[in-house]
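Given next are the chains, with one letter for each unit.
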Amino acid sequence: MAYKALYNKYRPATFEEVAGQRSIVRTLKNAISSGKMKIENVSFNFSKLIKEMTDIYAVQCKAKGIEMQTAIELPASDWLIGDEMRLRQILMNLLGNAVKFTEKGFVRLTVKQRKLSENRVFIRFAVEDSGIGMSENMLSRIGEPFEQDNAETARKHGGSGLGLSVVKMLVS
């Protein structure tokens, strides 16, 4: 039974799984470029969202023995209008990668209000970590679907190489 669990965890993806993932990426790209995927403009509790994200990833950091650091500067109002679901997805992908690729040290989320105009607030999000980093070659390919630095990294840390490409598509 232990062999089966290990096999399932480390087995190579099947053709059908890879084809399915490529189809998801193609669908997402088409939806964004055609304007079919609309950015929501709904009221949501920004402070609550940030707290949920930091709580989730603080637990994961603690389990790995790394420190979750935050530098959060919240807007004057807890309630903002925007796309909570897309923001949550972006933060989950960025924080998830940071935790996944950090073995010791820290993961840091910085949220800072950059500019405030009459009816808009501009917020900067930064995710930093003391993880393994990326090669120059990988930095040039960041955001491309199915890109991983090398086979050893992919084998050790798992994942499909889709997280940052989804982030790139959502913020573009």
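Everything discussed here concerns the structure shown above.
Not measured: the values here are computed from a predicted model. Counting of residues starts from 1 at the beginning of each chain's written sequence and follows it residue by residue. Whole-chain, interface and lining totals are the exception, using all residues; otherwise, since this is a predicted model, local features are given only for residues with pLDDT of at least 70 and side-chain atom pairs are given and counted only at 80 or more. Values shown for side chains rest on all heavy atoms present in the structure; no hydrogens or waters enter the calculation.

Participant: Would you mind showing me how to read the overall build of the protein chain here?
Facilitator: A run of H or I in DSSP counts as a helix once it spans at least four residues, and a run of E counts as a strand once it spans at least two, with each numbered from the N terminus. A tally of regular secondary structure across the protein chain gives 7 helices and 5 strands. Written out in order from the N terminus, the α and β elements of the protein chain read α-α-β-α-β-β-α-β-β-α-α-α. Only protein chains enter the accessibility calculation, which uses a 1.4 Å probe; a residue whose area is less than 20% of its type maximum is buried, one above 50% is exposed, and one in between is partly exposed. Looking at the 172 residues of the protein chain, the share that counts as buried comes to 28%. Should any heavy atoms of two residues lie within 4.5 Å, those residues are counted as being in contact. Here the contacts in the protein chain between residues at least 6 apart in sequence split such that 68% fall between residues at least 24 apart. Accessible area for the protein chain stands at about 11400 Å²; split by element, carbon and sulfur atoms hold 55% of it. Only the protein chains shown count as cover for residues, and the accessible areas themselves come from Shrake-Rupley with a 1.4 Å probe.

Participant: Please explain the pairing of strand β4 (residues 106-116) as it appears in this structure.
Facilitator: Looking along a regular strand, one sees side chains alternate from face to face of the sheet. Relative to β4, strand β2 (residues 67-72) runs parallel, the two sharing 6 bridges. Bridging across to β4, Gln69 finds its partner in Arg108. DSSP-based pairing: two strands are paired if at least 2 bridges between them are found. Turn length for the β4-strand β5 (residues 121-129) hairpin, with the two strands adjacent in sequence and antiparallel, is 4 residues.

Participant: Can you help me understand the nonpolar core in this one?
Facilitator: Generally speaking, a soluble globular protein has its nonpolar side chains buried in company with each other. The nonpolar core is taken to be a set of buried Ala, Val, Leu, Ile, Met, Phe, Trp, Tyr and Cys residues, with the residues joined through side-chain atoms within 4.5 Å. Counting 18 residues, the largest nonpolar core has Phe46, Met68, Leu91, Leu95 and Val107 as its most contacted members. Only α3 (46-64), α4 (84-100) and β4 provide two or more residues apiece to this core. For this core, the element with the most residues is α3, which contributes 6 residues. Ignoring sequence-local partners within four residues, the contact set of Phe46 consists of Leu74, Pro75, Asp78, Leu80, Leu87, Val111, Ile123 and Phe125.

Participant: Teacher, can you tell me more about the side chain of Ser47 here?
Facilitator: By the element assignment, Ser47 lies in helix α3. Apart from residues lying up to four places away in sequence, Ser47 is in contact with Leu74 and Asp78.

Participant: In this structure, what is going on with α3? I would like to understand it.
Facilitator: Because an α-helix packs 3.6 residues into every turn, residues spaced three or four apart end up facing the same way. End to end, α3 covers 27 Å across 19 residues, agreeing with the expected 27 Å (1.5 Å per residue, within 8%). Taken together, the buried positions of α3 are occupied by Phe46, Ser47, Leu49, Ile50, Met53, Thr54, Tyr57 and Cys61. One side of α3 carries all its buried residues, which in axial view fall inside an arc of 155 degrees. Facing away from the buried surface of α3 by more than 90 degrees, the exposed residues are Lys51, Val59, Lys62 and Ala63. The inward-facing, buried residues of α3 contact β1 (42-45), β2, β3 (79-82), α4, β4 and β5. Each polar contact in these results corresponds to two N or O atoms within 3.5 Å; when the atoms are within protein, one needs to be able to donate a hydrogen and the other to accept it, and residues that are neighboring in sequence are counted only if both atoms are side-chain atoms. The opening residue of α3 is Asn45, an N-cap whose side-chain oxygen sits 3.2 Å from the backbone nitrogen of Ser47. Directly after α3, the chain includes Gly65, whose backbone phi takes a positive value near 75 degrees. Working rule for helices: expected span equals 1.5 Å times residues minus one. Note: the arc covers the axis-to-C-beta directions of the helix.

Participant: What should I look at first to understand the sheet that holds β4 in this one?
Facilitator: Two strands in a sheet stick together by hydrogen bonds in their backbones, pointing the same way (parallel) or opposite ways (antiparallel). The mixed open sheet is built from 3 strands, whose spatial order is β2-β4-β5. Lying at the two open borders of the sheet, with one neighbouring strand each, are β2 and β5. The sheet shows a mean angle of 10 degrees between the axes of neighbouring strands, taken without regard to direction. Between N-to-C directions, angles span 0 to 180 degrees; the directions come from axes that are lines fitted to C-alpha atoms, helices contributing only their stretch in contact. Packed on one face of the sheet, α3 meets β2, β4 and β5 and runs near 160 degrees to β2. Across the sheet, α4 is in contact with β2, β4 and β5; its angle to β5 comes to roughly 20 degrees.

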